[in-house]
Amino acid sequence: LDGINYRWGSNSQTELRQLEHGNVQWIGEGIGATLVPQVLAESNLHKYVLTIPLPAVRWIALNLKRTPFTDPRVRQALNYAVDRTQLSHITYGTGTPWGLPFPSALPDFHRTATPYTYDPERARSLLRAAGADSASFALTSTADDPNPSIAQVLQQQFEAVGVHMSIDTVSDN
């Protein structure tokens, strides 16, 4: 091995083109979800594709010491307000809709909890009961694909149940 060159700061589209033209041998963390349709449509890129299902989850961390999140009904309402199936469309099949804070496919794991489902009416009801039917908060999200798109859809879904969420996008660095 003569050496390894690692490049930081490239966007997914640039990395994909560098791979296609033989300038790099692999894309470290893989491509972003929005490039999946393009890669699948271009047969000359198929030789670079290796799909690896990961038992991972995406989540939003909430500061439970700040209102309105001190009330568990608000946290439950936000879970019921999320249409995970709609979110899975944003990730172009790279994610599986699931309503619990651990992966759905864990070997030898016996479930004791029921996954949250999409139920906006229940979300509104819980928010009213908690006195938080006009709650607002800011979500800090990285600019990495597909996080900005996910944040925008979450913003719309929360708005539909009366919760205003602003988005603060930051660099992953």
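Everything numeric in this text was worked out from a predicted model, so none of it was measured.

K.L.:
Run through helix α6 (residues 147-159), naming residues and quoting values.
P.N.:
Counted at 1.5 Å a residue, the expected span for α6 with its 13 residues is 18 Å, and the 18 Å between its end C-alpha atoms agrees. The elements touched by buried residues of α6 are α3 (72-81), α4 (84-90), β1 (136-142) and β2 (164-170).

K.L.:
How would you sum up the pairing of β1? Please name residues and give values.
P.N.:
Only one face of β1 is buried, namely the one carrying F137, L139 and S141, since none of S136, A138, T140 and T142 on the opposite face is buried. In the sheet, β1 pairs with β2 via seven bridges, with the strands oriented parallel. The residue of β2 that forms the bridge with S141 is T169. Each parallel crossover has a hand, and the one from β1 via α6 to β2 is right-handed.

K.L.:
Tell me about the side chain of S141, residues and numbers included.
P.N.:
Of note, S141 is situated in strand β1. Relative accessible area serves as the criterion here: at 8%, S141 is assigned to the buried category. Beyond its immediate chain neighbours, meaning those up to four positions away, S141 contacts N147, P148, A151, D168, T169 and V170.

K.L.:
So what's going on with unusual backbone geometry? Which residues, and what values?
P.N.:
The amide bond that connects T67 to the next residue, P68, takes the cis arrangement and shows omega of 5 degrees. Structurally, P68 can be placed in the loop between α2 (36-41) and α3.

K.L.:
Break down the pattern of salt bridges for me, citing the residues and quoting the values.
P.N.:
For the structure shown, the criterion picks out five salt bridges. As a salt-bridge pair, R17 and E20 come within 2.0 Å of each other at their nearest N and O atoms. With R17 and E20 both in helix α1 (residues 12-20) and three residues apart, the pair spans about one turn of that helix. Overall, R17 belongs to the partly exposed group, its relative accessible area being 25%. Each member of the salt-bridge network shares a partner with another, and the members are R17, E20 and E42.

K.L.:
So what's going on with the packing of aromatic side chains? Which residues, and what values?
P.N.:
Scanning all chains against the criterion turns up three aromatic pairs. Ring geometry for F69 versus F137: centroids 5.2 Å apart, planes at 80 degrees, classification edge-to-face. Placement of the pair is F69 in the loop between α2 and α3 and F137 in strand β1, with a sequence separation of 68 residues. Neither F69 nor F137 differs from the other in exposure class; each is buried. A network of ring pairs unites the aromatic residues F69, F137 and F158 as a single cluster.

The rules behind the values
- Residues numbered from 1 in each chain as written.
- Predicted model: local features only at pLDDT ≥ 70, side-chain atom pairs only at ≥ 80, totals over all residues.
- Heavy atoms only, no water.
- Helix = DSSP H or I, 4+ residues; strand = E, 2+ residues; numbered from the N terminus.
- Expected span 1.5 Å × (residues − 1).
- Contact = heavy atoms within 4.5 Å.
- Buried < 20%, exposed > 50% of the residue type's maximum accessible area, 1.4 Å probe, protein only.
- Pairing = 2+ DSSP bridges.
- Right-handed = clockwise from strand over helix to strand, strands pointing away.
- Salt bridge = Lys/Arg side-chain N within 4 Å of Asp/Glu carboxyl O.
- Phe/Tyr/Trp six-rings, centres within 6.5 Å; stacked < 30°, edge-to-face > 60°.

Nothing here speaks to function; it is geometry throughout.
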